[in-house]
Amino acid sequence: MELPFAESWKIKMVEPIRRSTLEERRKWLAEAHYNVFQLKAEQVYIDLLTDSGTGAMSDRQWAEMMLGDESYAGATSFYKLEAMIKRLFGMNYVIPTHQGRAAENVLFSYLVKEGNVIPGNAHFDTTKGHIEARKAKAIDVTVDEARDTQLELPFKGNVNIEKLRQVLEDNKGNVPFMVLTVTNNTVGGQPVSMENIKATCALCHSYGVPVVMDSARFAENAYFIKTREKGFADRTIKEIVAEMYTDADAMTMSAKKDAIVNMGGFIGMKRKEWYEGAKLFCIPFEGYVTYGGMNGRDMNALARGLDENTEFDMLHTRIHQVAYLASKLDEYGIPYQRPAGGHAIFVDADKVLDRIPKEEFPAQTLTCELYLEAGIRACEIGYMLADRDPVTRENRFGGLDLVRLCIPRRVYTDNHMNVIAAAMKNVYDRRETITRGVAIEWEAPLMRHFTVQLKRLG
Ligand code: F0G
């Protein structure tokens, strides 16, 4: 008999979690104004809000914490991190930052000017925020197929090369760089193929436009290249990563995802002049250039995490669990962005709560229902997160309205996946009875989803 699949690690330390009653959850959700960001973590049974900073570090990462060098300047921990980034990505200039958005803030402070245009395959919200806050424009050039959640394609995170060419052609001299996000979080943790990475870089370079890779989930992207793209099955993850970055000019990294640390990030660059420029913003925003917002011990754990999580077994365990949850949802007929992504399942709320009009935020409503059902905290990646158009102030209803079931790395077991799927099925089975959504009572002018206050209609 063939041996079944099992995790490539065992558990050394556990953290108790607690179920709650429906009555408790009703009260807590009302107090949180129907916004799960406002819940206390102890009011949550299974937390799928994000895979960012929520992973479990390995024994070796913890061991590295003890070796941290906390010197203000020139710490050995910095050089350890720098060496790992050079080895994996070929980026010779490194600035550590406290997380991914800080890397964006430092680099974009140097690169982005008012009126610039920055194309990308579905910029993450902080990335877009940092562009728009500088009165520049982020233009999405993701393939159209990404918008059809039921279409089964291996690389739905890809760039539409023709759309990109048009943007570059229309804005000659006004595009400081292009952002290539791997995996493409916003459209469902969907990967970008090696072929597409190369074509994107080649096209940008033919217009003299550098490419910045938003690398939060680069290792998961490499896993999908290995398992889905022709010609890569026999290559190691580290070899694939090196090839992904061969033509890139720089990277911003949220190390809270694929480097499996609770906090951390960095900028990697190939151009000395970018390093010199970004350095000037690192010092006032983040700190001196050899720590830039990080402890020495955390840089050590980050370096170790990068090394570990670019090994096949670690990634296979992770992606297998996400695919397992997807297979349970398939059993129950629940529609989600297909195929299952790297870090999460994105349930298509428009299709589940099809009686609720856009104006009443179906995905936000489904997020509330899932919490009420079982204390599971998911995250709306839909009309609420899309914010308003900065010029017209209209709600942006043009994109997808999804509920993200985001799986922290090395944290939950497949039994937890069973609970999540069962809870989703229970909500799905009573979907006909959910006819009204939510209405906004108060919202912030930018990134409203974190703090928005809602009321439940009906
Ligand atoms: N880029 C991508 C693709 C991201 O997914 C994130 C964060 C960032 C940049 C910013 O990094 O959080 O370290 O400042 N995504 C988290 C999420 C928050 O839940 O998807 P950060």
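About the thresholds
- Residues numbered from 1 in each chain as written.
- Predicted model: local features only at pLDDT ≥ 70, side-chain atom pairs only at ≥ 80, totals over all residues.
- Heavy atoms only, no water.
- Helix = DSSP H or I, 4+ residues; strand = E, 2+ residues; numbered from the N terminus.
- Rg over C-alpha atoms; globule rule 2.2 N^0.38 Å.
- Buried < 20%, exposed > 50% of the residue type's maximum accessible area, 1.4 Å probe, protein only.
- Near = heavy atom within 4 Å.
- Polar contact = N/O pair within 3.5 Å; in protein donor to acceptor, adjacent residues only side chain to side chain.
- Areas by Shrake-Rupley, 256 points an atom, 1.4 Å probe, with all protein chains shown as cover.
- 1 Å grid on protein atoms, 1.4 Å probe; cavity = no way out; pocket = protein on both sides within 12 Å on 5 of 7 lines; lining within 4 Å.
- Sits in = over half its atoms within 2 Å of the grid points.
- Nonpolar A, V, L, I, M, F, W, Y, C, P; charged D, E, K, R; others polar.
- Phe/Tyr/Trp six-rings, centres within 6.5 Å; stacked < 30°, edge-to-face > 60°.
- Salt bridge = Lys/Arg side-chain N within 4 Å of Asp/Glu carboxyl O.
- Expected span 1.5 Å × (residues − 1).
- Contact = heavy atoms within 4.5 Å.
- Pairing = 2+ DSSP bridges.
- Right-handed = clockwise from strand over helix to strand, strands pointing away.
- Points joined across faces, edges and corners; volume = space filled by probe spheres on them.
- Axes fitted to C-alpha atoms, helices over the stretch in contact; angles between N-to-C directions.
- Left-handed = near helix turned anticlockwise from the far one by under 90°.

Comments concerning the overall build of the protein chain
Now for step 1: Counting its secondary structure elements, the protein chain contains 15 helices and 14 strands.
Now for step 2: Taken over C-alpha atoms, the radius of gyration comes to 21 Å for the protein chain, in line with the 23 Å a tight globule of 458 residues would show.
Now for step 3: Over its C-alpha atoms, taken along the principal directions, the protein chain stretches across nearly 60 × 55 × 45 Å.
Now for step 4: Looking at the 458 residues of the protein chain, the share that counts as buried comes to 57%.

Digging into the site of the ligand
Now for step 1: Around the ligand, 17 residues are found, and the nearest of them are Thr50, Arg101, Asp214, Ser254 and Lys257.
Now for step 2: Aspartate 214 places a side-chain nitrogen or oxygen 2.7 Å from a nitrogen atom of the ligand.
Now for step 3: At a separation of 3.0 Å, an oxygen atom of the ligand approaches a polar side-chain atom of arginine 217.
Now for step 4: The fraction of the free accessible surface of the ligand (470 Å²) that becomes covered by protein chains is 93%.
Now for step 5: The cavity where the ligand resides is the largest cavity.
Now for step 6: Residues of the shell around the ligand, tallied by class, amount to two nonpolar, eight polar and seven charged.

A word on the packing of aromatic side chains
A ring pair, where both rings are aromatic, is described by two values, the distance of the centres and the angle of the planes.
Now for step 1: Going through the model one piece at a time under the given rule, you end up with 14 aromatic pairs.
Now for step 2: Look at tyrosine 223 and phenylalanine 224: their rings are 5.8 Å apart centre to centre, the planes differ by 80°, and that puts the pair in the edge-to-face class. As far as the burial class goes, tyrosine 223 and phenylalanine 224 line up, both buried.
Now for step 3: Aromatic side chains phenylalanine 361 and phenylalanine 397 sit 6.2 Å apart centroid to centroid with 50° between the ring planes, which places their arrangement in the tilted category.

Focus: the pattern of salt bridges
Where charged atoms from two side chains of opposite charge approach closely, those side chains can pair.
Now for step 1: For the coordinates displayed, the defined rule picks out 42 salt bridges.
Now for step 2: Here glutamate 220 ties to arginine 409 by a salt bridge, and the two come within 3.0 Å at their closest N and O atoms. With glutamate 220 in helix α8 (residues 218-228) and arginine 409 in the loop between β12 (402-406) and α15 (414-429), this residue pair connects regions lying 189 residues apart in the sequence. Taken as a pair, glutamate 220 and arginine 409 share a single burial class, namely buried.
Now for step 3: Between glutamate 239 and arginine 235 there is a salt bridge whose closest N-O contact spans 3.7 Å.
Now for step 4: For glutamate 239, a relative accessible area of 41% translates into the label partly exposed.
Now for step 5: In this structure arginine 235 comes out as partly exposed when scored by relative accessible area, which is 26%.
Now for step 6: Overlapping salt bridges, with partners in common, bring together Asp51, Arg217, Glu220, Asp258, Arg318 and Arg409 in one network.

Side note on helix α4 (residues 100-111)
Now for step 1: The first and last C-alpha atoms of α4 sit 16 Å apart over 12 residues, in line with the 16 Å expected at 1.5 Å per residue.
Now for step 2: The element α4 is extensively covered by neighbouring structure, given that 10 of its 12 residues are classed as buried.
Now for step 3: Gly100, Ala102, Ala103, Glu104, Asn105, Val106, Leu107, Phe108, Ser109 and Leu111 are the residues of α4 that are buried.
Now for step 4: Of the surrounding secondary structure, the elements contacted by the buried residues of α4 are β2 (93-97), α5 (125-132), β6 (211-214), β7 (250-254), β8 (265-269) and α10 (272-285).

Section: the pairing of strand β3 (residues 117-120)
For a regular strand, side-chain orientation follows a simple rule: the groups alternate between the two sheet faces.
Now for step 1: Of the two faces of β3, the one carrying Val117 and Pro119 and the one carrying Ile118 and Gly120 are both buried.
Now for step 2: With four bridges connecting them, β3 and strand β4 (residues 137-140) associate as parallel partners. Each bridged residue has a counterpart across the sheet, and for isoleucine 118 the counterpart in β4 is alanine 138.
Now for step 3: Read as a crossover between parallel neighbours, the route from β3 over α5 to β4 is right-handed.

Observations regarding the environment of glycine 287
Now for step 1: Residue position: glycine 287 is located in the loop between α10 and α11 (296-308).
Now for step 2: Given the relative accessible area of 7%, glycine 287 is considered buried.
Now for step 3: Each C-alpha atom, one on glycine 287 and one on threonine 97, is 8.4 Å from the other, the two residues being 190 residues apart in sequence.
Now for step 4: Other than its neighbours up to four places away in sequence, glycine 287 contacts Cys282 and Gly292.

Considering empty space enclosed by the protein
Now for step 1: Per the stated rule, a full pass over the model turns up three cavities of 30 Å³ or more.
Now for step 2: Quantified by volume, the largest cavity comes out at close to 190 Å³.
Now for step 3: Counting residues per element, the ones that place at least two in the lining of the largest cavity are α4, α5 and β7.
Now for step 4: Looking at the lining of the largest cavity residue by residue, the classes come out as three nonpolar, 10 polar and six charged.
Now for step 5: Estimated volume of the second largest cavity: approximately 140 Å³.
Now for step 6: Looking at the lining of the second largest cavity, the element that brings in the most residues is helix α12 (residues 312-332), giving six residues.
Now for step 7: Taken together, the residues that form the lining of the second largest cavity break down as six nonpolar, four polar and seven charged.

So, the packing of helix α14 (residues 362-374) against α15
Now for step 1: As a packed pair, α14 and α15 sit with axes 9 Å apart at the nearest point and diverge in direction by 115°. Once α14 is placed against α15, the crossing between them reads as right-handed. In this structure, α14 uses Leu366, Glu369, Leu370, Glu373 and Ala374 to contact α15, whose residues at the interface are Ala423, Met424, Asn426 and Val427.
Now for step 2: Residue composition of the contact of α14 with α15, by class: six nonpolar, one polar and two charged.

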